[in-house]
Amino acid sequence: MPKALIVYATRTGETEKIAELIAEGIRFQGAEAEVANVTGIKKEAQFAGYDAIAFGSATYHGQMMKGMETVLFLAEKANLEGKVGGSFGAFGWSGEAPDRIYDTMKNIFRMNMASGPLRLKSASLGGGIKMAQDYGREIGKKMIGS
Ligand SMILES: Cc1cc2nc3c(=O)[nH]c(=O)nc-3n(C[C@H](O)[C@H](O)[C@H](O)COP(=O)(O)O)c2cc1C
């Protein structure tokens, strides 16, 4: 069964909720999904064996969280070219982090990216649950098709 890894960086838990919902959407499509906090990712070998990887960070002071920055430098060494990718994050008003992550995955890692980044003000408001699950479904479909 194809397998996805969803890695998140959060301060108050919103981005973790989005990560769990994306994982649900991937599972709806019949693929496996594991969810991990950036704090648990220490080696590039931890990216091995996945068909898809999604990275997510909340935006603070116009930037992704430091832990996600560190993990992206690790991922750069993991040869993720051609694997399915997605990016996401909770935000308040500007939401730069998911965009920056998406651009890095597309231009540096050369991953087979979902249609765009997922930015949500809250996982539980304004249709956020369905949007996050649908993003997972999109990733799942690309995994099954790839
Ligand atoms: C000190 C501080 C700075 C923030 N800076 C930004 C920002 O630059 N842009 C933005 O869109 N949201 C900003 N936010 C809002 C957070 O991104 C938002 O609360 C988000 O839901 C937090 O996600 P998390 O629970 O995953 O940490 C900021 C929040 C705080 C407390």
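Small disclaimer: the values here were computed from a predicted structure and weren't measured. (Residues numbered from 1 in each chain as written. Predicted model: local features only at pLDDT ≥ 70, side-chain atom pairs only at ≥ 80, totals over all residues. Heavy atoms only, no water.)

## Description of empty space enclosed by the protein
Unfilled space is identified by rolling a water-sized probe across the atoms. All told, the structure shown has one cavity of 30 Å³ or more when counted by the stated rule. Taken as a whole, the largest cavity encloses approximately 30 Å³ of empty space. Sorting the residues of the lining of the largest cavity by element identifies β1 (3-9), β3 (52-57) and β6 (84-90) as the ones contributing at least two each. Across the lining of the largest cavity, the residue classes break down as nine nonpolar, two polar and no charged. (1 Å grid on protein atoms, 1.4 Å probe; cavity = no way out; pocket = protein on both sides within 12 Å on 5 of 7 lines; lining within 4 Å. Points joined across faces, edges and corners; volume = space filled by probe spheres on them. Helix = DSSP H or I, 4+ residues; strand = E, 2+ residues; numbered from the N terminus. Nonpolar A, V, L, I, M, F, W, Y, C, P; charged D, E, K, R; others polar.)

## Quick word on the packing of aromatic side chains
Throughout the structure, instances matching the rule amount to one aromatic pair. Seen in terms of ring centroids, phenylalanine 47 and phenylalanine 55 are 5.8 Å apart; in terms of plane orientation they differ by 70 degrees. Their pairing is edge-to-face. In terms of burial, phenylalanine 47 and phenylalanine 55 fall into one category: buried. Between arginine 119 and the ring centre of phenylalanine 91, over which it is positioned, the NZ or CZ distance is 4.8 Å. (Phe/Tyr/Trp six-rings, centres within 6.5 Å; stacked < 30°, edge-to-face > 60°. Buried < 20%, exposed > 50% of the residue type's maximum accessible area, 1.4 Å probe, protein only. Lys NZ or Arg CZ within 6 Å of the ring centre and 35° of its normal.)

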